[in-house]
Structures are given as structure tokens and as C-alpha cells.
Amino acid sequence: MAIAKFQLLVLNFLYFILLSASWSEGFLVSESGFSFRRDYSPPSPPPPPPHPPTVSCAGDLNGVGTLDTTCQIVSDLNLTNNVYIEGTGNFFILPNVKVNCAVSGCEVTVNITGNFSLGENASIVAGTFEVSSWNATFRDGSVVNTTGLAGDPPPQTSGTPQGLEGAGGGYGGRGACCWMGKSTLPEDDWGGDTYGWATLQKPWSYGSRGGSTSKEVQYGGGGGGRVKLSVKKFLVLDGFLTADGGSGGNKGGGGSGGSIYIIAYRMTGSGVISACGGDGFSGGSGGRISIDVFSRHDAAVIFAHGGGSYGCPENSGAAGTFYEAVPRSLIISNHNLSTDADTVLMDFPNQPLWTNVYVRNQAKASVPLPWSRVQVQGQIKLEAGGAMSFGLAKYASSEFELLAEELLMSDSVIKVYGALRMSVKMFLMWNSELRVIGGGEVPVATSLLEASNLLVLKGSSSIHSNANLGVHGQGLLNLSGAGDMIEAQRLVLSLFYSIHVGPGSVLRGPLENATSDDMTPRLFCDRYDCPRELIHPPEDCNVNSSLSFTLQICRVEDILVEGLIEGSIVHLHRARTIDVQPSGKISASGTGCMGGIGRGKVMGNGISSGAGHGGRGGSVCFNGTCFEGGLPYGNADLPCELGSGSGNDSLIGSPAGGGIIVMGSIEHPLSILSIDGSVRADGASYEEVHMGEHHPIVTSSYGGLGGGSGGTILLFLKSLTVGENACLSSAGGNGGPKGGGGGGGGRMHFHWADIPTGDLYQPIATIRGSINTRGGSGKGESSAGGNGTLSGKACPRGLHGIFCEECPPGTYKNVTGSDEFLCHWCPTQELPARADYISIRGGVTKTPCPYKCISDRYHMPNCYTDLEELIYTFGGPWLFGLLLVVLLVLLALVLSVARMRFVGVDELLGSAAPQHGSQIDHSFPFLESLNEVLETNRVEESQSHVHRMHFMGPNTFSQPWHLPHSPPEQIKEIVYEGAFNRFVDEINVIATYQWWEGSVYSILSLLAYPLAWSWQQWRRRLKLQRLREFVRSEYDHACLRSCRSRALYEGIKVAATPDLILAYVDFFLGGDEKRSDLPPRLHQRFPLAILFGGDGSYMAPFSLHNDNILTSLMSQSVPPTAWYRLVAGLNAQLRLVRRGCLRKTFQPVLWWLESHANPVLQNFGLHVDLAWFQATACGYCQYGLLVYATDENIQHTSAESRDGELETEPLPGSNRDRKGNSLAYSKKEPLLCNSKSRNDFLMPKRSYGAILDYNSLKMLEERREIFFPLFLILHNTKPVGHQDLVGLVISILLLGDFSLVLLTFLQLYSISMADVFLVLFTLPLGILLPFPAGINALFSHGPRRSAGLARLYALWNVTSLVNVGVVFICGYVHFKSQASPSTQWPHLQPWNISMDENEWWILPLGLLVCKCLQSRLMNWHIANLEIQDASLYSNNFELFWHS
């Protein structure tokens, strides 16, 4: 066998030597061997013979003019011999003139220094036409025709075919041959051969005649002639230049095309240049065209294709050549005529190099010379069915080189018979094929394809080699989509920056269906040790047939797999990232050993056990006889073995084991491996092997073969991601349906590199898909294969498992290893109750184990809230509470001392009894004492006072003050009624509030009621000021009759009580009335109605405003000292009256009037009753006293005399008369009283109201407001004394309240910032404002101001209860939704004060109690400030009047 191979090598060597030395003679491969012809390339031509003498224009050519001036051919010429035309002038062939020399080889030469012109529709027919001129023009329709008129071709060429096959002639390419031998390929039979390669740039050869099918008659078409245009300047070509081969008809081959050579500086026009082969039984080849034009415009149509074949239409003649000298480009185009004949390309020039080579439109180019180099500076482009071949199919043992900037292929084919070494910068393929075919048993060198910048396969393109193939580059390798493929028996891809295997594309090594002629890589199936190159691969990435790899990707930065990478031993080395997309697959399944170390045992009937590898193969049993499965082998910690088959190499159809997939190496691990598709090295199953089996199954018992064992997946990497639908598998194959055992699982190992630890740790693996090393299933009585092994590198401390994950929270690991039991439990006594163990970056390597609180509101290390942190900082709840109480007491003492120094001791000691004759503060008109008798100027005012007319309404935004129309009886004598009504209208307009004032009040009532009260008082004060200003300065007093009053603006005055609820208008005499009955005396004014100020609310209690006029009037009957004391006592009782409880709180007032007031007033002939007055349309009425004389018995009723009868007035708010939300309503009936008799009560004046007594109070009904429950806490009380002690306790509670508010906010902050804002802004800042309001009240000057500010503070304090309610709601909701373990087990931490525990309510409840206590103490404090004489509440008559 070795001798035969040696003899074959010697013969091939001798053959290529002879072929190289004698190529010009040509050769023909036939069934009997090969024979040599004459030299294929002619020798250098001899010097041209001297030109014959020139012809004359007029004498020889029948033209007009001379050749040295201008010669015009005006008529047709028929020539029989060569013609040489030379001159210094112009030569014109006029339109429609024909010059014919239809003789083969006839030459027409025009050599002039002027211009040449071939007119429209003119023609020249000759074997050779040559023009040399300054300019040349070929008009429309003009023709230069040398078709079929060729002379003899160059000697020693074989363009004309031999034999009687009727083959086509050859020149630029080979002629077609429709006759083919029985054992030859179509491309091995051709007609005339190619010649003239050396003169391709300056072609000047005739075409060859086609062959004939008869010895007697030459049916072959003649070869094409020659055309040469040598123009120094401008060439205009709008006609036809043809050098086509002649037609051979159905009995002869077509002639080959001739030569066309054009030289010019500039060329324009859209003419046709043609050197095509002639049609015939077999088509002739195209000729040769060369254009050397510096500037081409309006590109002419150029043809050099082969002629059509009548005998075999699918095999036309080969294309000729078209060479452009300026861009140095060679174009081979067959005009989309299919052919089996080649356009032969010989040696390419080295200096200068051609720029481009184009093979297109079904042309076929061939480089048959062995060890040839094809090198161009620019592109080699094959398109539109173009093909190119290197070497010969039967002698595929040579090497070829292809060098270019770009290799572009579109719908084309390159075939290399031997080995190819290609070096380009860009290699693009579209629906194209590059096939490298080795020489069978003859060793062939490795093919190397280098595309330094870009290699792209698209549109089902493929690169195929049946030997070793290396593909190198520095840029991108892109297999774009379905059908794109690179495959070889041993494939190495290296040095690319990125490789993209698109969806449906394939990288494969070895070939899927290899033949016996293909080089088969050795798999080392019986090797027990691990090949070193799998663990420590070489650095050079060269293709080495001694290595075990079948597919290697080496030194590639990024690999993106969306298609298939398949091989027996797949090695991805020195890559940075590998990304297997969902459609991607890296497979070595079923590509391992057919036998191998762990092969299964085959029974005599063909049933076998499963193969073993990582797990034992499944046993097989048949008729009571059992065989064990294949044994496991290899190293689980660093596996590198192929899977074994269930049979042996000689058993046809035996399932093979899985192959090997290795990614990375120990020295160069992968940075990132991302798998969303599959990576498999599974053993083959019987069904999978025989699904598309090419080998026939010998016996039916083969259906019982066992499954192959899984292969090896060995990963050296830093980071791994396995997607949700991804699969990483080295499973065993399933047994055959007739009882084969399952194959054992393979081995899979993750060898992690540079595992980060500690704070630098990042998870090195994210596994969401499946990782499988299971054994295959057995059939029948056979068992399944054992599971394979899955291992990983030993993990450092703190990490465990195959993927080196952190130990679970609550465990630690302080040794190196991967077993889970190395993670020990942490001591539980070190964990706080509100904490959970946590995992830290890099895992826990020692105790104590890290933990964190169960919520962010708890703080390390004890997991306390902010409040608890504060409490336990000061020793715990009890000690903290004690310290807080002590601190509050000390601060309260300091605050009291500061208050005494700031306010003054005299103001604080207001509870001391006044000395007789001392001056008392007049800030409380309802508490005026005996000393106010000293005031002067009262008599002067009272002497001119006529009547006091009260405003109706409570002076609110909805019920403003207003005066009734029609003047009372008391002032009708001093006013004009019409003018008075106009005055009332103006007053009522001024007293009405704007809409926006009420809107602001409503908004503030919802947000913060104390602010709404302050806003209302401010607007009331402004309204009173506006009324006074109007009456004092703007109104002209036109309603008064007194001229003096109108002149001095002194007849009318507007005033109001200090609470701004009751207002009145006083009318005075002007002094010029001259009326003796005016002003009326007191007894003339009876019954006298004295209305209370205030409205019975906490902020404005009822009070009797005792001004100078009232004092002066009452002093007419009652001593001022008695009247002052009565007013003070009455106001003290009225303080305790609360609106909403009038029936109950008015009773003490009635009792006091009967027990203390009337007994004294009776001594002065007076009596007072409690009454209501002036019910408005909205139902509001005013309360006051009705004063009258007691000279006669008087019935305390309100009646009106109608025909001698008395009618009792219904009580306000009774069932007889209830309206809306009013407190008192009545029918507008006159109140009747007089000092003389009952009939004297019927006075002409009308004062609407009724007297209140015990019986009528019981019928009094009133509607309570929504905030009425708050006034159960906040109400006026009797003084309790001990003002200093009360102030101190208030200071303590005020500070305690503020402290509890801060602690509550701290507690809420521990829950949620949203709760803080909710409590803070439910009533905006309502929970914080009581503190500054209380400080302001405590540090105010004067009892009256202090009392007012204290009431405002009390109002803020009660309002803030809404915020406290929100605190309760937030705490309860949070307690129910997020109860902590200590809530369920309160005994664990019984003294924790936290919103998260059972004691969450302590602070809100403490705040509620504190505010309620403050409200109570503030009631006492205000009473102490306003009632400085405690005897005012004495039930002892004597004590009251003598204090």
C-alpha cells in the first residue's frame, strides 16, 4: 500500500513538472490517460514587416480629396486584397458607404495624422481593421465587422479543436464540446483551447475556427477578426465594433471571438463592442477585448461571451476576456449563458499587479497551474453564477494562493482542488460556495483562509473542506442566517475579534457525512490518560493534525451563537465571552467513540448493554442472561474523555457516545459564558442513530443496541449564566426498543477561576435552566444507565456548592471545599429578637454571624426604634420616665420664675382681695368693682342720651349685624323716618361681609379652627371700626331733626361689647330740640332691655357690658356701688352658661337673680328678669335682662292686649316655634311692661322677646353643634384659687405635652415618614402650635390679655386632639398590618415602648390625657384670671353684698 502511494506521488510530481514546462502545448485528459500538445504560449513575435505602399484617395479609393488634406469616400468599395491607407490629413467615410473586403485575413489599415470618421450607417467589412488617427468618430449605425473573417491563428496554438466532435473554437476561453466521455466530468471535455494569455493586455490574435462533424466538409465557423483603434485624443463610438466568431450551424462548432484593442485619451458614445464566440453545434469561446482609455464616458456595451451550443444548450462556449488597462481590471462575463468550459487564467502579473478581477454572469474561470498565485491589489469579485476553480479535480494535491483586498462572492462558486492559502481584508459571500477538496489518500496541506477585517456569509453560503481548514482574521466572522455554513474535517477559527453564528447557520468539524476520500481525524478512543492539549492547549492556535481537536475556536474575543456549533471535540480557547442565544446550540452529541473504554457488551443476538462513562451503563437481560453495562472511567474533578458507544467500531449503526466540549483553559479561562440555548454532549440513542440512517440494518436484532454514554463538558470560566429555557447536558443515550440498556451519564465540570471573595464577591453563576448528567433509559428488561457526575472547583471559605454560592443566611463556612455540610449553623443566642440573619457578600467565614433588623425602622445593634434608642440610652423606660418627669418639673420651675420676672408679681397675684378705695384694672368691663364709681363724665353723656338701639344678628359671616327698619317709638320725635330708613340701609350694607371673607373663614375652620376664630375677630374688629368711621365722619346725620347734631356729627354713636358680638347705636339730643320730656328719665324707659354680650361659647361667654351710659341711667334708681356689684356677680354667673346647655346653665342664673339681685333691687323699686330679645329671620336671638319697676304686681309674661285679653308669648326654640339651627325663635310680639300697672306695659314701642323662668326653660330646645363634645372638656368654670400652683402644673403639662409630641413623632418616624406628615398636616401644625400658644399665654401682660391668650391656647389644645386621633388610627392600622413577633409573644420584651408592640398606644394615650388635663387646668387658670373676687360665687347673700 505504501509503495503504491509512493508511485502515485512520483507520477503526480512528473506530471506537474511536464505541465509547467510545456503548458503552451496543452493537454487533454481522457479515459486512457493524458497526452501533451504543442506549447500553449507562443514565443515572442518577430518584428512586423514593413508596410506596403499607401493607396491614393482618388485613384485607388474613388474618393474626393487627398490623404494629406481630407479624403472622403463617397461610394462603396469592394476590395479583394489588403489595403494600407496613410496620410497627414483626414479620412472620412461618408454615411451609407460600404467598404467590403470579405476575404479571410483581409487587412484594412488606416494610418493618418488627422481625424477619422465612419459616417452613419456606413460599414467596413474585413478580417483586420486598424485605425491610427488624432481623433476618431463612429457614427450611429456604423459598423466595423470582422465576424468569421479571421486569418490564421498564431502558430503552435490549439484553438481549433481536433476530431469530428463539432466542438467550438477556443481563444479567450475554451470552446464548448457537446460530446462527453462515459467516465469523465463535463468540465474535463472541451473544444478548442485558450491562447493569447501573454497578449491579454494588447490582444492581436485571430480567433480560431470551430470543429466539424465531417471529414469532407469543414462546417466549423470561422474565427473572429481583429480590430485596433489607436486614437491620440478623442474617440466617439456610437456604432458597432464586432470581432465575433462565425456560426457553425448544426454540423460545425462555432468559431471563437477575435481581438479588439482600443487606445484613446477619451472615449464617449454608447456603441457596441463585441468579441463573442460563434454559435454552432458547440459554441465557440469569446475573444479578447482590451481598452486603454484614460477617460470613459457614456459606457459602451461590451460583449465577450461564448457562443451558444445547439447540441447542448446548457453548455455554451467559455467567456472571453475584457481587460481595462487604466483601472487594471480583468472582466470575465458570459452574458448569463451557462457553460462547462473554462476561461483559463494563467500566471498573474507581478509588476504592476492587476487591481480587480470580475467573474460574472455564468462565466467560469480556471487556474489550472499547480502552486499558482492569484494576486490583485483590489477586488476579486464573483457574481451572478460566476465560478472559479483552482487545480484539477483528479489531481487535488497542489497548493494555491489567493491574495486581494476583497473577495466578494454572490451566487457564485469557488472550487479548490488541493489546498488554498487565501489572504484578503474582506471576504463577503452571498448564496455562494467555497469548496476545498483534498486529494483522497494523497496527503494534502492545510487550507488557511485569512480575512483580516471582515468575513461574512449570507444567503445560504458555505465554506467546505474535506481536510484541515483554518480560518483566521482580526475583525468579524459573521454567519448571518439559515444555510450559512463553515465545515471541515478539522476546523480551526482563530484571531477574530468576534464570531457570530447566526440562526440556522452551522460551524461543524468533522463533516457530517464524510466519505472515504475525506481526511478523518483520530479520536483516541482507547486512551486512558487525558490529552494534554485539552487542559493546556497550545498558544499559537495553528491547525495541527496531531492534536485531538476537531473544531477549535481560538483567540476570539466574543462568540455569539444563534446557530449550531458541532464537532466531536469542540474546544473554545482564549475567548472572552461566549453567548449562546435561545436558538443557539453547541453540540458534541453522538460524535464520540463507537466503542471506547466504557463500551457496552453485545450479546449474540445483537442486544447490548449501555455504555459507561460518568455513570455505569445500564445492564441488558435477555432470556435470563444478563450482561453488565459499560464501566465508568475518567476523573470527575477534571474530566476530558470521550463518551463510549454501546457496541464497537465494526458494528454498523451502533450508537456512539458523546463528544467533548471544552471552553477555556486553566491558563486562560472564559470571562463570561451565557447560555440561553443548549450545550450538549449527550450519548446517542438507538432511535437518533437510525432516524436518518444511511447504513442498512443487517438484522432486526439491532433494534436492541444500548445507548451511548454521555460525553464531557469541561468549562474553565469566571462567570456563568444559564437562562430559564437553557440546557447544559451530558446525558446518556436511551436503549433500543428491543431491550438495549441505557447509556451512562457523562461528566460535567466547572473549573472556576479567580473566585472573588469577601467584599469583592459577585455571584459567579446564575442558573435558571437545566443541567443534566442523567443516564439514559433502558428498554424491556434492561436497566437505565447510571447518572453522570457534576462537579466544580473547591470553593473558598464562605462559599459552597458546585457554583460557589454564599452559605445560606444563618450559616458560616471557615474551610475550603464545596460540600454543603461545611456550612455550619450560627449560634442563635447572638441574634436579637427583632433581627434576622443575612447573607453578606462573599459569605460568612466566622462567627458572630451578621444580621440585620427585620425593618429599616429598627437600628443596629439591638434593633431598637429611634424612640427605644433614646429610652434605652437613658437606662430603660422607668428611668427614662423618671428623668423626663424630673426634667419637666425643673423646666417648669425655671419657666415659672422667668414668667414672674417677665410679667411681674403684681399681675400674677390677682387673687388677693382688693382694698377699699384702691384702683382696679378696668380691662374686664363685666367685672367692674366699686372703685369705678370714681369715673367722671358719665352724667354729661346720660343727660342727652335718648335711646339705645341694638343691632340684630351675631356678627358672623353668614349672619352679619343689621338694624331693623322703621325707627323705634323712643326716637321718632328726634329723627326723620325716611332719612332714618336710608341710614339703616347704608349701615346694613357696611355691616355685611364680603363673600371671600366667609370663604377664608370656612377654609380655616377645616384646617385650623383657632386661626378661623382669630380671622373672624380681626374682621369683626375691622367691621366695627368701619361702622364707627362711617357714623363719625362719613355720614351727615341727615336723619336727625336737630340742626346742631347734624352740624357737629354728635347725635349718633356706634359701639359694641368687647367680644364684638353685640353692637348698638346710641341716639343723643343735639340741645336745640327744646323738649322738656326729652331725654326720658329711667322710669320713663321701663321696661328697659339690657342685652348680654357674647354668645355663650367658650371664647365669648355671656356678659353684661356696663358702660357709662348704662351706669348713669341705673344710678337714677340704684346706687352705683350696688349696681357695680350686681353686674360683677351676674357676669360671674353668666360665665358658666354654655350654649348647647342653656336649659341647665341658665337655671343658676335665674336662681341668682331671685336670691341675690332682686331682693336688693326691690329696695329701690326695681325688678329684673332673664329674657330673650330680637329673634332674627334666621332664628338667632339675644339674651339679656328686662328691668322694670315693682310698684304694682306684675305678671312675668309677654303679652299684648287684644280686646282686653292677654296672649302669652311662646318660648324661643319651643315646639310651637322651631326653625333651623337657631337657639331661640319667637313670634314677633311686643314685650309689655310698665312701672304703674299691667295696662301701662302696653307701650307704643315694640321690643320682641319673652321672659325666661323655670317653667319656660324646660320648654327651651336648642340644637347642638358638631363640636359640642369638645366643649364638655373646654368650658368656663369657677375659680379654684392657688393660681401659682395651677400655673406651675400648667407649665409642667405644657412641657410634658411638647415632649410627648416629640416622642410621638419619633415613634411615627420609626413607622413611616408618611404617618409623620399625615399627623402633622391633618390639621396643619395643629399638634405643634399649642406649645407656642401656651408659652405666649403664660408670658402675656395683664389679666385680660392673659385670659384671652389662654382661651386661644386652650382652643389650640382641644383642636390638636384631632391630630392625636390620627396618631391612634396610624398606630392601630400599623399594629394590625405589621405586627412583630414580640407582639405575638409580649413576654419576650415586656417593657419595650414601640409602635410595633402591644404598648403602641402608651404615648398617644399619654398625650390625650395630658391634653385633657391641660384643658381642665386652663379652665381653672382662666377663671382665676377673670374672677379675682371669689365671693362673687358665694351663695351667702350677706357675704356677697358685703364683700
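Residues numbered from 1 in each chain as written. Predicted model: local features only at pLDDT ≥ 70, side-chain atom pairs only at ≥ 80, totals over all residues. Heavy atoms only, no water.

## So, the overall build of the protein
Then step 1. Per the secondary structure count, the protein includes 25 helices and 72 strands.
Then step 2. Intrachain contacts of the protein at a sequence separation of at least 6 include 65% that bridge at least 24 residues.
Then step 3. When the accessible surface of the protein is split by element, carbon and sulfur atoms take 55% of a total near 59800 Å². (Helix = DSSP H or I, 4+ residues; strand = E, 2+ residues; numbered from the N terminus. Contact = heavy atoms within 4.5 Å. Areas by Shrake-Rupley, 256 points an atom, 1.4 Å probe, with all protein chains shown as cover.)

## Considerations on empty space enclosed by the protein
Then step 1. Under the definition given, this model contains 8 cavities of 30 Å³ or more.
Then step 2. Here the largest cavity defines a volume of roughly 150 Å³.
Then step 3. Lining the largest cavity are 20 residues, with Phe524, Arg527, Cys640, Glu641 and Leu642 positioned closest to its centre.
Then step 4. Each residue belonging to the lining of the largest cavity can be placed in one class, and the counts come to 14 nonpolar, 3 polar and 3 charged. (1 Å grid on protein atoms, 1.4 Å probe; cavity = no way out; pocket = protein on both sides within 12 Å on 5 of 7 lines; lining within 4 Å. Points joined across faces, edges and corners; volume = space filled by probe spheres on them. Nonpolar A, V, L, I, M, F, W, Y, C, P; charged D, E, K, R; others polar.)

## Overview of the pattern of salt bridges
Think of it this way: side chains of opposite charge can pair up when their charged atoms draw near.
Then step 1. The full count for this structure, using the stated rule, is 30 salt bridges.
Then step 2. Measuring nitrogen to oxygen at the nearest pair gives 3.2 Å for the salt bridge that ties Glu107 to Arg226. With Glu107 in strand S9 (residues 107-112) and Arg226 in strand S15 (residues 226-231), the pair connects residues that are 119 residues apart, well separated along the chain. (Salt bridge = Lys/Arg side-chain N within 4 Å of Asp/Glu carboxyl O.)

## Description of helix H8 (residues 977-991)
Owing to its 3.6 residues per turn, the α-helix aligns residues three or four sequence positions apart on the same side.
Then step 1. Here H8 spans 21 Å end to end across 15 residues, near enough to the 21 Å set by a 1.5 Å rise per residue.
Then step 2. Ala979, Phe980, Asn981, Phe983, Val984, Ile987, Asn988, Ile990 and Ala991 are the residues of H8 that are buried.
Then step 3. Those residues of H8 hidden inside the fold are in contact with strand S64 (945-950), helix H10 (1009-1034), strand S65 (1052-1056) and strand S66 (1063-1068). (Expected span 1.5 Å × (residues − 1). Buried < 20%, exposed > 50% of the residue type's maximum accessible area, 1.4 Å probe, protein only.)

## Remarks on the state of the cysteines
Then step 1. Applying the stated rule across the entire model yields 10 disulfides.
Then step 2. Here Cys795 engages in a disulfide with Cys804; their sulfurs sit 2.1 Å apart. Across the S-S bond linking Cys795 and Cys804, the dihedral sits near -90 degrees, which makes this disulfide left-handed.
Then step 3. Residue class for Cys804 comes out buried when judged on its relative accessible area of 0%. (Disulfide = S-S within 2.5 Å.)

## Section: the nonpolar core
Then step 1. The biggest cluster of nonpolar side chains holds 92 residues, and the ones touching the most others in it are Phe427 and Ile586.
Then step 2. Ranked by residues supplied to this core, first place goes to strand S32 (residues 413-430) with 7 residues.
Then step 3. Contact partners of Phe427, with chain neighbours within four places excluded, come to Leu407, Met409, Met422, Leu434, Ala451, Leu454, Leu455, Val456 and Ile463. (Core = buried A, V, L, I, M, F, W, Y, C linked by side-chain atoms within 4.5 Å.)

## Quick notes on the confidence of the model for the protein
Then step 1. Put simply, the protein has an average pLDDT of 82, and 85% of its residues get 70 or more.
Then step 2. Here residues 1-40 is modelled with pLDDT under 50, and outside its nearest four sequence neighbours on either side it reaches 63 contacts, counting other chains as well. (pLDDT = per-residue confidence, 0-100.)

## As for the environment of Leu705
Then step 1. Here Leu705 is to be found in the loop between helix H3 (686-691) and strand S51 (712-717).
Then step 2. For the pair Leu705 and Asn734, spaced 29 residues apart in the sequence, the C-alpha separation amounts to 9.3 Å.

## A few points about the packing of helix H18 (residues 1283-1311) against helix H19 (residues 1313-1321)
Then step 1. Remark: H18 packs on H19, axes separated minimally by 6 Å, with the N-to-C direction vectors making an angle of 140 degrees. With respect to each other, H18 and H19 are oriented oblique. Contacts between H18 and H19 involve Phe1305, Leu1308, Tyr1309 and Ile1311 from the first element and Met1313, Asp1315, Val1316, Val1319 and Leu1320 from the second. (Axes fitted to C-alpha atoms, helices over the stretch in contact; angles between N-to-C directions. Parallel < 35°, antiparallel > 145°, perpendicular 65-115°, else oblique.)

## With respect to the packing of H8 against H10
Helix-helix packing is characterised by the crossing angle of the two axes and by the distance between the axes.
Then step 1. Two numbers describe how H8 lies on H10: the axes approach to 9 Å, and their chain directions differ by 150 degrees. For the element pair H8 / H10, the angle class is roughly antiparallel. H10 is crossed by H8, and the crossing has right-handed handedness. In this structure, H8 uses Phe983, Glu986, Ile987, Ile990 and Ala991 to contact H10, whose residues at the interface are Lys1023, Arg1026, Leu1027, Phe1030 and Val1031.
Then step 2. Residue composition of the contact of H8 with H10, by class: 7 nonpolar, no polar and 3 charged. (Left-handed = near helix turned anticlockwise from the far one by under 90°.)

## Points about the sheet that holds S65
Then step 1. The strand order S64-S66-S65 describes an open sheet built from 3 strands, whose pairing is antiparallel. Each of the sheet's edge strands pairs with one partner strand only, and the pair in question is S64 and S65. For this sheet, the mean inter-axis angle between neighbouring strands, taken without regard to orientation, is 25 degrees.
Then step 2. Two strands pair when backbone bridges link them, and S65 and S66 are joined in this way by 5 bridges, in the antiparallel orientation. Among the inter-strand pairings, Lys1053 is bridged to a residue of S66, identified as Asp1066. (Pairing = 2+ DSSP bridges.)

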